[in-house]
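# Survey of secondary and tertiary structure
Residues per chain, in single letters:
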Amino acid sequence: MNSSEAETSQRLVIPRPDDWHVHLRDGALLNLTVADTARRFARAIVMPNLDPPVVTTAQALQYRDRILQALPRGLQFEPLMTLYLTLGTSAAELGAAKSSGKIHGVKWYPAGATTNSAHGVHDIRQCTAALTAMEELGLPLLVHGEVTDPEVDVFDRERVFIERELAPLLERHPRLRVVLEHITTRQAVEFISQAPSRVAATITVHHLLLNRNALFVGGLRPHSYCLPVLKREEHRRALVQAAIGGNPKFFLGSDSAPHARRAKESACGCAGIYSAPAAIELYAEVFAAEGALDRLEGFASQHGADFYGLPRNSDRLVLQQTPWTVPLQIGDGDAAIVPLRAGAPVQWRLVPEPASAQASPGEAGA
Ligand code: DOR
Ligand code: ZN
């Protein structure tokens with residue numbers, strides 16, 4: 001970049017954003033995921049779908065320690081932990097979770113709906129005692145909103161979930177705080193917009209950028225496969241309008257979810273898109289394309305904190321409109337991960353630029 005480009009390229013300064021839905025995984029992968037997320041986000045709601053899942057406060061606190069151990073020196077980052085709802089989740093465990101001050105939600109995976117959901121709950125009415133305790137404690141239920149009924153078309157599973165499961169659940173538990181995660185449909189946008197203020201939704205950057213055509217560009221594209229699956233353009237447009245609309249019920253949750261290249265490029269590929277290496281940059285791209293950069297701050301840095309009753313961040317994140325290219329893959333061999341936008345340009349870049357954004361031969365040359 002020469003100096004005249006630097007002078008003309010636009011800068012965006014926002015309070016440091018938070019990611020209200022992320023998969024950091026565990027073990028060696030934490031070194032990558034925690035660095036990528038913490039370079040951009042001050043805090044993140046960390047999903048508990050490890051194998052085995054995070055079901056107790058003790059497990060969540062140990063997981064939190066492992067995340068903090070993987071945090072690169074010099075970065076400030078607060079992992080906001082969650083528990084995985086099972087038929088065994090007790091009111092006592094939820095009380096301990098709340099009193100720890102480190103656990104901020106309980107995730108309901110309908111059994112069989114997605115990655116590591118086998119321990120999830122099929123019939124949520126069997127969790128009435130736990131949900132009642134959560135109402136009293138003010139602990140939000142974070143929902144993967146898809147029915148698992150094989151008779152229901154995969155593209156309709158969110159819409160049907162809202163009708164069959166979510167609406168009755170909100171009636172049965174009038175004080176329960178709920179986040180419908182990674183919404184993908186116009187119907188979800190409408191439902192959340194009309195719901196009381198105790199109900200909110202996260203929106204991923206891949207659902208803002210892509211419609212279902214991305215799954216089939218010249219062939220089957222496993223790196224665009226996630227759950228809930230990408231939908232029609234009409235739904236993507238509704239999500240964009242919700243994200244840029246300023247309604248505090250909608251906030252940023254990347255659902256960044258790495259899987260090894262080998263597990264995605266498979267006869268039965270895993271669902272998940274690794275967006276963390278360019279997450280806030282890509283959200284900025286979406287908002288800029290709509291002429292709505294002034295709305296990014298609310299969506300990325302304010303609405304989620306307000307919903308969770310946490311203070312807004314006071315430090316700042318600076319983005320500059322200078323294109324860079326996402327590496328084709330991260331890591332080598334079977335364990336390599338193909339990130340969102342791999343090998344293609346992103347319009348916004350972090351300032352100061354993280355070392356990982358400079359394509360090294362090992363990363364980008366493949
Ligand atoms: O695409 C997804 N990946 N959706 C989910 O619900 C889970 C996630 C994962 O953990 O891989
Ligand atoms: Zn997720």
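These numbers come from a predicted model, not from an experiment.

We now examine the site of ligand 1. With respect to spatial proximity, 14 residues lie near ligand 1, and among them Arg25, Asn49, Thr114, Leu227 and His259 are the closest. The contact in question runs from an oxygen atom of ligand 1 to an N or O atom on the side chain of Asn49, over 2.8 Å. Within the backbone of Gly272, one N or O atom sits 3.3 Å away from an oxygen atom of ligand 1. Starting from 290 Å² of accessible surface for ligand 1 in isolation, the protein chains cover 99%. Taken together, the residues of the shell around ligand 1 break down into four nonpolar, eight polar and two charged.

Along the chain, Leu230 turns up in the loop between α8 (205-209) and α9 (233-244). Each C-alpha atom, one on Leu230 and one on Glu281, is 20 Å from the other, the two residues being 51 residues apart in sequence. Sequence-distant contacts of Leu230, that is, excluding residues within four places in its chain, are made with Phe155, His206, His207, Leu210, Asn211, Arg212, Ala214, Leu215 and Ser224.

This next bit is on the sheet that holds strand β2 (residues 19-22). Taking strand neighbours across the sheet as the criterion, the eight strands line up as β2-β3-β4-β5-β6-β7-β8-β9 in an open arrangement whose pairing is parallel. The open sheet has two edge strands, β2 and β9 (250-252), and neither has a second partner. Recorded for the sheet is a direction-independent mean angle of 30 degrees between the axes of neighbouring strands. Summarising the sheet, β2 and strand β3 (residues 43-46) pair through two bridges and their orientation is parallel. Across the sheet, Val22 pairs through a bridge with Val46, a residue of β3. Of the strands in this sheet, β2, β3, β5 (103-108), β6 (141-143), β7 (178-180), β8 (199-203) and β9 touch helix α12 (residues 296-308), which is tilted by about 115 degrees from β9.

What follows covers the confidence of the model for the protein. For the protein, per-residue confidence averages 94 on the pLDDT scale, and 94% of positions sit at 70 or higher. Low pLDDT (under 50) marks residues 1-6, which in the prediction has three contacts with non-local residues, meaning those over four places away or in another chain. pLDDT under 50 marks residues 355-366. Its contacts with residues more than four places away, or in other chains, come to 16 contacts.

With that settled, consider the coordination of the zinc ion (ligand 2). At the metal site, the zinc ion (ligand 2) is ligated by His21 (NE2), His23 (NE2) and Asp255 (OD), and these contacts range over 2.0 Å. Here the donor residues for the zinc ion (ligand 2) map to a single chain with the spacing H-x1-H-x231-D. As far as the burial class goes, His21 and His23 line up, both buried.

Moving on, we get to helix α3 (residues 57-69). For α3, spanning 13 residues, the distance from its first C-alpha to its last is 18 Å, which sits close to the expected 18 Å at 1.5 Å a residue. Here α3 has its buried residues at Thr57, Ala60, Tyr63, Arg64 and Ile67. Buried residues along α3 cover an arc of 120 degrees about the axis, so they all sit on one side. Where the residues of α3 are buried, they touch α2 (30-38), β3, β4 (78-84), α4 (91-100) and β5.

Rules used in this analysis
Residues numbered from 1 in each chain as written. Chains lettered and ligands numbered in written order. Predicted model: local features only at pLDDT ≥ 70, side-chain atom pairs only at ≥ 80, totals over all residues. Heavy atoms only, no water. Near = heavy atom within 4 Å. Polar contact = N/O pair within 3.5 Å; in protein donor to acceptor, adjacent residues only side chain to side chain. Areas by Shrake-Rupley, 256 points an atom, 1.4 Å probe, with all protein chains shown as cover. Nonpolar A, V, L, I, M, F, W, Y, C, P; charged D, E, K, R; others polar. Helix = DSSP H or I, 4+ residues; strand = E, 2+ residues; numbered from the N terminus. Contact = heavy atoms within 4.5 Å. Pairing = 2+ DSSP bridges. Axes fitted to C-alpha atoms, helices over the stretch in contact; angles between N-to-C directions. pLDDT = per-residue confidence, 0-100. Donors = N, O, S within 2.8 Å, 3.2 Å for Na, K, Ca; no water. Buried < 20%, exposed > 50% of the residue type's maximum accessible area, 1.4 Å probe, protein only. Expected span 1.5 Å × (residues − 1). Arc of directions from axis to C-beta.

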